[in-house]
Amino acid sequence: MLDEATGFFIPILLYTALVWTAISFYQWQIHRSRQSLNQARSQIVHDQLLRYELELARNIQQRLYPPSPPPLGHIQIAARLEPARETSGDFYDFVPMPDGRWAIVVADVTGKSIPAALMMVMARALLRSHVANYSSPASILCATNEMLCRDGLPRQYVTVFLGILDPATSTLVFATAGHPFPFLRRGDQIHEIGQPSLPLGAKLGMAYAEITLTLQPGDQVFLLTDGFFETRNAERELFGFDRLLTLLAQTDPLDPQRALDQIWAAVSAFRGTLEQNDDMTAVIMQRLAEPRVVTINERAHSVATTPDKASAIGRSPTVNVSATSSARA
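Residues numbered from 1 in each chain as written. Predicted model: local features only at pLDDT ≥ 70, side-chain atom pairs only at ≥ 80, totals over all residues. Heavy atoms only, no water.

Engineer: In this structure, what is going on with the overall build of the protein chain? I would like to understand it.
Structural biologist: When its secondary structure is counted, the protein chain shows six helices and eleven strands. In the protein chain, which comprises 329 residues, the share counted as buried stands at 39%. Residue pairs at least 24 apart in sequence account for 73% of intrachain contacts in the protein chain once pairs closer than 6 positions are excluded. When the accessible area of the protein chain is evaluated, it comes to approximately 18800 Å², of which 57% is carbon and sulfur surface. (Helix = DSSP H or I, 4+ residues; strand = E, 2+ residues; numbered from the N terminus. Buried < 20%, exposed > 50% of the residue type's maximum accessible area, 1.4 Å probe, protein only. Contact = heavy atoms within 4.5 Å. Areas by Shrake-Rupley, 256 points an atom, 1.4 Å probe, with all protein chains shown as cover.)

Encoded structure:
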């Protein structure tokens with residue numbers, strides 16, 4: 001009798017244990033699902049907040065960029081900046097000086113995202129404040145470098161082109177701090193002009209060489225960040241220096257804005273469907289060609305000249321620059 005009762009009780013006990021195990025497992029699954037759901041919700045809220053903050057940072061940063069290049073009469077300027085992410089480490093600036101000259105800045109902060117954006121704001125503020133207190137590019141860079149070395153973020157450097165343009169004399173005095181050298185297009189030739197140097201924030205007590213360039217009618221000066229050189233295509237090829245030099249020679253020699261658009265279109269076509277992996281900034285300055293007044297006698301002579309007697313003489317341009325090195329002026 002006892003054996004029969006035991007034999008009947010054991011299956012019920014096993015069944016009950018299985019049911020409670022199934023219920024416990026189900027409750028555990030529900031608990032895990034709720035945890036996962038709460039984590040997902042928290043992540044969504046965090047991502048939305050991060051996107052909002054990045055968008056806010058982007059909007060604030062964009063307000064720091066000049067709305068448009070300054071009108072300088074016979075000198076025309078085109079500028080464009082395209083960040084790789086929500087915020088940029090690149091920036092450009094045009095700062096008026098009391099004597100009628102203009103400080104022109106193109107800069108690139110190492111790194112990306114928020115740290116680079118913060119460093120960009122700091123570098124821009126320092127450069128602007130020192131433009132008001134110093135009169136030469138070398139002295140402005142020296143003062144800014146001292147401040148960034150002491151108060152900047154560790155391992156965050158800034159490459160800078162800083163030129164002071166005098167529209168009255170068409171003279172550009174500039175210095176670079178670890179930045180790609182500017183390119184001068186004069187006639188059918190392109191020259192790279194600059195002196196090697198370290199970025200701002202890399203070393204205390206740096207001296208920077210100044211170069212003086214007198215712009216001639218038709219001259220174009222290209223100021224670029226390294227995002228152009230370092231663009232890669234689907235085959236992982238770099239756009240590189242040689243392609244860039246060839247591209248600059250093929251751009252519009254008379255219209256800086258059109259030349260800027262052509263540079264962007266060519267680099268974007270080379271990159272293809274790949275995402276842009278670095279900020280790109282370009283400023284093009286051009287001294288417009290002076291219109292030539294044709295007299296009545298010259299016009300009559302031009303009509304009388306037959307095509308087979310006409311000739312054109314091309315002369316290779318000569319770039320006249322002077323360079324000095326200064327720690328502080």
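This is not the end of the story, as more comes after the structure.
Engineer: Got a minute to help me understand the nonpolar core in this structure?
Structural biologist: Generally speaking, a soluble globular protein has its nonpolar side chains buried in company with each other. By size, the foremost hydrophobic cluster in this structure holds 51 residues, and its most contacted members are Leu141, Val158, Val160 and Tyr208. In terms of residue count, helix H2 (residues 113-133) provides more of this core than any other element does, seven residues in total. Residues in contact with valine 160, not counting those within four places in the same chain, are Val105, Val106, Ala107, Leu127, Leu141, Ala175, Thr176, Ala177, His179 and Leu200. Core analysis: the next-biggest nonpolar cluster, separate from the first, contains 19 residues, Ala78, Leu247, Leu260 and Ala282 among them. (Core = buried A, V, L, I, M, F, W, Y, C linked by side-chain atoms within 4.5 Å.)

Engineer: Could you clarify how one ought to interpret the confidence of the model for the protein chain in this entry?
Structural biologist: Detail in the predicted coordinates should be disregarded across regions flagged by low pLDDT. When pLDDT is averaged across the protein chain, the result is 81; 75% of the residues are at 70 or more. Here helix H6 (residues 296-304) stands out as the least confident element of the protein chain, with mean pLDDT 41; strand E9 (residues 220-224) is the most confident, with 98. (pLDDT = per-residue confidence, 0-100.)

Engineer: How do you make sense of unusual backbone geometry when you look at a structure like this?
Structural biologist: Excluding glycine, most residues fall at negative phi; most peptide bonds, likewise, are trans. Of note in the backbone geometry, serine 170 takes a positive phi value of approximately 55° without being a glycine. Turning to its location among the elements, serine 170 is positioned in the loop between strand E4 (158-166) and strand E5 (171-177). Serine 170 gets classed as buried once you look at its relative accessible area, which sits at 2%. The residue arginine 236 is not glycine, and still its phi comes out positive at about 70°.

Engineer: I tried to follow a nonpolar patch on the surface on my own but got confused; where do I start?
Structural biologist: Nonpolar side chains collect at one region of the surface, where Val19, Trp20 and Ile23 lie side by side and expose about 270 Å² of accessible area between them. Residue position: valine 19 is located in helix H1 (residues 2-64). Judged by relative accessible area, valine 19 falls into the partly exposed class, the value being 31%. (Patch = residues over 30% accessible without salt bridge, like charges linked within 9 Å, V, L, I, M, F, W, Y side chains within 5 Å. Salt bridge = Lys/Arg side-chain N within 4 Å of Asp/Glu carboxyl O.)

Engineer: Whenever I open this one, the side chain of glutamine 286 confuses me. Can you help?
Structural biologist: Locating glutamine 286 in the fold gives a position in strand E10 (residues 280-287). Here the side chain of glutamine 286 touches proline 253 through a polar contact of 2.7 Å, landing on its backbone oxygen. (Polar contact = N/O pair within 3.5 Å; in protein donor to acceptor, adjacent residues only side chain to side chain.)

Engineer: What's the story with the pairing of strand E7 (residues 189-192) in this structure? I'm lost.
Structural biologist: The pairing of strand E6 (residues 183-186) with E7 spans four bridges and is classified as antiparallel. What sits directly across from arginine 186, in E7, is glutamine 189. (Pairing = 2+ DSSP bridges.)

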